[in-house]
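Observations on the model geometry
Listed here are the chains, written in short residue letters.
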Amino acid sequence: MEPDEIFRSIADVDGLKRGQYTPNNQGKYILDTNPSWPETVVNGLYVSDIRARIEEARRAVLAGQKSPLYYHMARRQMNTAILAKTVGMTVFRVKRHLRPEIFSKLKPSILDRYAHALVVSQEELKSV
Amino acid sequence: MTTELITKETLANGRTYIHRTSAHCETGVTSALFRDKGLDISEPMIFGIGSGIFFGHLPFIKQTGLPVSTFRSIPGLVFKKAAKRLGVKVFRKRFRNQQKGMDELRRVIRTGQIVAVTTNIYWLSFFPRRYRFNFSGHNFIVLYENENGFRISDPALLEYTTDCSTHDMERARFARGPMEARGLMYYPLSVNPDHDIRKACITGMKDSCKQMLKIPIPLFGVKGMRYLAKKVIKWPDKLGYVEACRQLAHILRLQEEMGTGGAGFRFMYAAFLQEAAELFGSEELAELSQEMTAIGDIWREFAVVSARIIKQRGQSEETFAKVGGLMLICAGREEQLFKDLDKVARKLKA
């Protein structure tokens, strides 16, 4: 399979222009701004990886294993360590809030902190 | 095929800023900052003088749970080294307090000085959503303030200047997580008028050779490449096929994405060697530049073979042994190249 075909089949990424150095006909290096296929491949892989992780999180929430906070955290490409730093809580506390039964009892003030950190409204934060 | 796309902007004090597209954010930003101060220097030149080329495998630093392999020196180091070697005085500051960080930025751009800021790419909404990854360490230049927030020039990602809202700017500059920028902003204060670009080039080359060959830890430089290559060969047995593919994809991502200018900065370094060859009139440097291009092509082949493996999940005839073998070839040739470069750089006269 040609490199070109591989990237077309691997990724549905539109051609975002990024600079890369390539020698021209005379062997002199110039900055070319056509998207390069390896970059497109890896970008496509990463995008699909993130999507899969968000989908997995959504399923876990719908199945009642995790609180909606887990989904919103995945959506913002965060993990518990980053989220804990952003809201200014301990990782232990954030992990506890990922349990649905504990999340449902949270005070509005705590929810507000999460909503602010994840840039969603409080209503959105409670749903997926 | 386009060489350079240029957009012009007028700054707060009436001066003109020229936006040029570049391959990598840090070198592109540094080049733009120096050009603004009247030191006309290209992006590969900055990359070479700042000794940006490197290799390191860092199994103890994880990004989305996967070990990091880097093809460049630590973020921020290229700017520091290039500034020092070209005699540029710089201002560089992080902030504990968000408000102070934003106030200082506003104060400086009001004087007409352009400022580079380090941001988390996830929060930059001027950029297509699908390309926004949680990665703190993207640099761009703030030009002036306007009704939408800030006018910015992002040499690595965009071909034109654009607006960035105040909210985005605050979130992106002060995002928490690994490699926090903590509102880092930097700009050159003054340029030494009688800087010696030839001397800077020689220092940069020698330093690169030292980084690639002489670090006595087997994770860095050419030794790091060999270490990683041997690990790659063992991955399918050790981790299972699916996990091995994930890890390989991560190496590929660090090599080709993150604005490397192609083949993990190898093409950018070849461009630097070519420019240096013209500067010194040295035939040897021109040959080394061609050798670097050839090495870059092998890295590209490594990427092609890896992509095939990842795509076809076991049905392809390509193996992890072949991928590791290609990496070992790169290691061998780069070792020879940097040994030669060291000899050549010592002979050059400033």
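Residues numbered from 1 in each chain as written. Chains lettered and ligands numbered in written order. Predicted model: local features only at pLDDT ≥ 70, side-chain atom pairs only at ≥ 80, totals over all residues. Heavy atoms only, no water.

**Observations regarding the overall build of chain B**
Rule in force here: Only DSSP runs of H or I reaching four residues or more are called helices, and only runs of E reaching two or more are called strands; each is numbered from the N terminus. Exposure categories follow from relative accessible area, calculated using a 1.4 Å probe and restricted to protein chains: below 20% of the type maximum is buried, above 50% is exposed, and the middle band is partly exposed. In what follows, residue pairs with any heavy atoms lying within 4.5 Å of each other are defined as contacts. Only the protein chains shown count as cover for residues, with accessible areas throughout obtained via the Shrake-Rupley method and a probe of 1.4 Å.
For chain B, the helix and strand inventory stands at 11 helices and 10 strands. Along the first, second and third principal axes, the C-alpha set of chain B runs to 60 × 50 × 40 Å. Put simply, chain B has 350 residues, and 60% of those count as buried. For chain B, long-range pairs separated by at least 24 residues make up 69% of all intrachain contacts whose partners lie at least 6 apart in sequence. Per element, the accessible surface of chain B, about 14,000 Å² overall, is 52% carbon and sulfur.

**Here we look at the overall build of chain A**
If you tally the helices and strands in chain A, you get 8 helices and 2 strands. Listed by position from the N terminus, the elements making up chain A come as α-β-β-α-α-α-α-α-α-α. Here the analysis covers contacts within chain A between residues at least 6 apart in sequence; of these, 44% occur between residues at least 24 apart. Summing over all exposed atoms, chain A offers an accessible surface of approximately 6,700 Å²; the carbon and sulfur share of this is 50%.

**What to know about the confidence of the model for chain A**
Residues and elements named next belong to chain A. Counted only if it meets this: How sure the predictor is of each residue is captured by pLDDT, a score from 0 to 100.
For chain A, mean pLDDT is 80; residues scoring 70 or higher make up 78% of the total. Mean pLDDT values for the elements of chain A range from 44 in helix H1 (residues 3–10) up to 94 in helix H5 (residues 91–97). This stretch, residues 1–15, has a pLDDT under 50; its non-local contacts, to residues over four places away or in other chains, come to 28 contacts.

**Side note on the packing of aromatic side chains**
The relation between two aromatic rings is expressed through the spacing of the ring centres and the mutual angle of the planes. Using the following cut-off: Side-chain rings of Phe, Tyr and Trp (the six-membered ring for Trp) are treated as a pair once their centres are within 6.5 Å; stacked means planes under 30 degrees apart, edge-to-face means over 60, and tilted covers the remaining angles. Only Lys NZ and Arg CZ are tested; either one counts as a charge over a ring when it is within 6 Å of the ring centre and within 35 degrees of the ring normal.
Taken as a whole and assessed by the stated rule, the structure comprises 15 aromatic pairs over all chains. Taken together, a centroid distance of 5.0 Å and an interplanar angle of 20° make the contact between Phe91(B) and Tyr187(B) stacked. In this pair, Phe91(B) is assigned in strand S5 (residues 88–93) and Tyr187(B) in strand S10 (residues 185–191), connecting sequence segments 96 residues apart. Accessibility expressed as a relative area gives 22% for Phe91(B), which makes it partly exposed. Each member of the aromatic cluster is reached from another via a ring pair, and the members are Phe47(B), Phe265(B), Tyr269(B), Phe272(B) and Phe338(B). Lying over the aromatic face of Tyr70(A), Lys66(A) brings its terminal NZ or CZ to 4.9 Å of the ring centre. Between Arg171(B) and the ring centre of Trp123(B), over which it is positioned, the NZ or CZ distance is 4.2 Å.

**Things to note about helix H3 (residues 77–85) of chain B**
Buried within H3(B) are the following residues: Val78(B), Phe79(B), Lys81(B), Ala82(B) and Ala83(B). As for H3(B), its buried residues are in contact with helix H1 (25–36), helix H2 (43–49), S5, S10 and helix H6 (197–213) of chain B.

**Some words on the sheet that holds S10(B)**
All names here are of chain B. Threshold: Think of it this way: DSSP has to see at least two bridges between two strands before they count as a pair. Here an axis means a line fitted to C-alpha atoms, over the contact stretch when the element is a helix, while the angle between two N-to-C directions is reported on a 0 to 180 degree scale.
Taking strand neighbours across the sheet as the criterion, the 6 strands line up as S5-S10-S6-S7-S8-S9 in an open arrangement whose pairing is antiparallel. With partners counted over all chains shown, the strands left at the sheet margins are S5 and strand S9 (161–164), one partner each. Across the sheet, the mean angle separating the axes of adjacent strands is 35° when strand polarity is ignored. With 5 bridges joining them, strand S7 (residues 136–146) and strand S8 (residues 149–153) adopt antiparallel strand pairing.

**Examining the side chain of Gln211(B)**
Its location among the elements puts Gln211(B) in helix H6. Setting aside residues no more than four positions away along its own chain, Gln211(B) makes contact with Ser51(B), Ile53(B), Phe54(B), Ser73(B), Lys81(B) and Gly221(B).

**Here's the deal with the domain arrangement of chain A**
Residue and element names in this part refer to chain A. Applied cut-off: Either an automatic procedure or a domain database provided the assignment from which the domain bounds are taken. What gets called buried area is simply the loss in accessible area from a 1.4 Å probe that two parts show on being joined, summed for both. Any pair of N or O atoms that falls within 3.5 Å is considered a polar contact. Within protein, one atom must be able to donate a hydrogen and the other to accept it, and sequence-neighbouring residues count only if both atoms are side-chain atoms. For this classification, the nonpolar set comprises Ala, Val, Leu, Ile, Met, Phe, Trp, Tyr, Cys and Pro, the charged set comprises Asp, Glu, Lys and Arg, and every other residue, Gly included, is treated as polar.
One can read the domain layout of chain A as domain 1 (1–63) and domain 2 (65–128). Contacts between the two partners involve 8 residues from domain 1 and, on the opposite side, 10 residues from domain 2. Between domain 1 and domain 2, roughly 820 Å² of surface is buried when both sides are summed, and carbon and sulfur atoms account for 76% of that area. Considering only the side of domain 1, the residues that lose the most area to domain 2 are Ile54, Ala60 and Val61, jointly responsible for 53% of the buried surface there. The interface formed by domain 1 and domain 2 holds 3 residue pairs in polar contact (both at pLDDT 80 or more) in total. Of the residues that constitute the side of domain 1 that touches domain 2, the class distribution is 7 nonpolar, no polar and 1 charged.

**Focus on the packing of H6(B) against helix H9 (residues 266–280) of chain B**
Residue and element names in this part refer to chain B. For clarity, the cut-off: Our angle categories are set so that under 35 degrees counts as roughly parallel, over 145 as roughly antiparallel, 65 to 115 as roughly perpendicular, and the remainder as oblique. A crossing counts as left-handed when the near helix is turned anticlockwise from the far one by less than a right angle, and as right-handed when that turn is clockwise.
Here H6 crosses H9 at 140°, and the two axes come no closer than 11 Å. It follows that H6 is oblique to H9 by the angle criterion. Here the hand of the crossing between H6 and H9 comes out left-handed. Contact residues: Ile197, Arg198, Cys201, Ile202, Met205, Ser208 and Met212 in H6; Arg266, Tyr269, Phe272, Ala276, Leu279 and Phe280 in H9. Across the contact of H6 with H9, the residue classes break down as 10 nonpolar, 1 polar and 2 charged.

**Concerning the environment of Gln113(B)**
Residue and element names in this part refer to chain B. By secondary structure assignment, the location of glutamine 113 is in the loop between helix H4 (98–110) and strand S6 (115–120). Residue glutamine 113 is classed as buried on the basis of its relative accessible area of 9%. Between the alpha carbons of glutamine 113 and glutamate 284 there is a distance of 40 Å; along the sequence they are 171 residues apart. Dropping the residues within four chain positions of it, glutamine 113 is found in contact with Arg15, Asp36, Lys37, Val108, Tyr187 and Pro188.

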